[in-house]
Amino acid sequence: MAEPFHCDFQDCLFIGHLGNTMLNAADFHSNDRGYGMHYLQTINKTWVLSRLAIEMTEMPKAYDDFSIETWVEAALKSFTSRNFAVSSCDGNRTYGYGRSVWAMIDTQTRQPVNLFDIRDGLILDYLETGKECPVAKPGRVKMNKDAELVRSIDTYYNDVDVNGHVNSVKYIEHILDLFSLEWYRSHFLRRFEIAYVAESYQGDRLNLYREQTDEEQFCVRITKGISSEVEVVRSLVKFINI
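Residues numbered from 1 in each chain as written. Predicted model: local features only at pLDDT ≥ 70, side-chain atom pairs only at ≥ 80, totals over all residues. Heavy atoms only, no water.

Take the pairing of strand 8 (residues 217–224) next. Taking burial as the measure, the eight residues of strand 8 include seven buried ones, the bulk of the element. Pairing geometry for strand 7 (residues 205–214) and strand 8, over eight bridges, is antiparallel. Note that in strand 8 the partner of Arg210 across the bridge is Val220. The turn joining strand 7 and strand 8, which pair antiparallel and follow one another in sequence, is formed by two residues. When strand 8 meets strand 9 (residues 230–241), the two strands line up antiparallel, connected through eight bridges. Residue pairing across strands places Ile222 opposite Val233, the latter belonging to strand 9. Connecting strand 8 to the antiparallel partner strand 9 that follows it, the hairpin turn spans five residues, and Gly225 within it adopts a positive phi of roughly 110 degrees. (Buried < 20%, exposed > 50% of the residue type's maximum accessible area, 1.4 Å probe, protein only. Helix = DSSP H or I, 4+ residues; strand = E, 2+ residues; numbered from the N terminus. Pairing = 2+ DSSP bridges.)

So this is what it looks like as structure tokens:
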């Protein structure tokens, strides 16, 4: 259910909470099939989100019941592609879709590992290559070096997830906070893309740069550091006028 305290001032589910729900669905799906976090943590491995694209035609409203369907479309040596469909529980309405790319890493070295080594390539038994996801895959976000620095923020306890780094959805929230309530009153967030370039941790200072690339489209770059900055995230945000 789109719980009211997870909804914005227009009674629509925050896209950050939708992102969390998608990631929870991915966690349940992979755990049920034997290659999820429950098992991976016993062998010092974990999944990390590399890319995420969410494209919506509308958002669930407060108290709406909705469902998340997820499936694995493809698997390579170190990456897997996972898709999502967001719909009403009665199946009569499709709110939107999501595409994601995940990497498996060693929790001690933080380096990628061969996911086909996990339980003899068990993930290959669950590929659904013929199932359609009718939105574009996340692309490469290009930005100029002179993009405007809009905000710098510090990171704290509530920013950090089970993997010990800043949570994937926290970046989404920080990016969407760059736009005012007045903007959201007249614009609907149609598509959101984010690519995770490097990890950041509690205590890192995040710098958010924004560049407008079209009338209703923006690119955002997040770096960490003060005197020497390292890029951690790139994002593409597409709105439509309402």
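Moving on: the packing of helix 1 (residues 15–33) against helix 3 (residues 168–176). Packing of helix 1 against helix 3 brings their axes to within 9 Å, and their N-to-C directions diverge by 165 degrees. Judged by the inter-axis angle, helix 1 sits roughly antiparallel to helix 3. Pair helix 1 / helix 3 crosses with right-handed handedness. The segment helix 1 lies against helix 3, with Ile15, Gly16, Gly19, Asn20 and Leu23 engaging Ser168, Val169, Ile172 and Leu176. Considered class by class, the residues forming the contact of helix 1 with helix 3 number five nonpolar, four polar and no charged. (Axes fitted to C-alpha atoms, helices over the stretch in contact; angles between N-to-C directions. Parallel < 35°, antiparallel > 145°, perpendicular 65-115°, else oblique. Left-handed = near helix turned anticlockwise from the far one by under 90°. Contact = heavy atoms within 4.5 Å. Nonpolar A, V, L, I, M, F, W, Y, C, P; charged D, E, K, R; others polar.)

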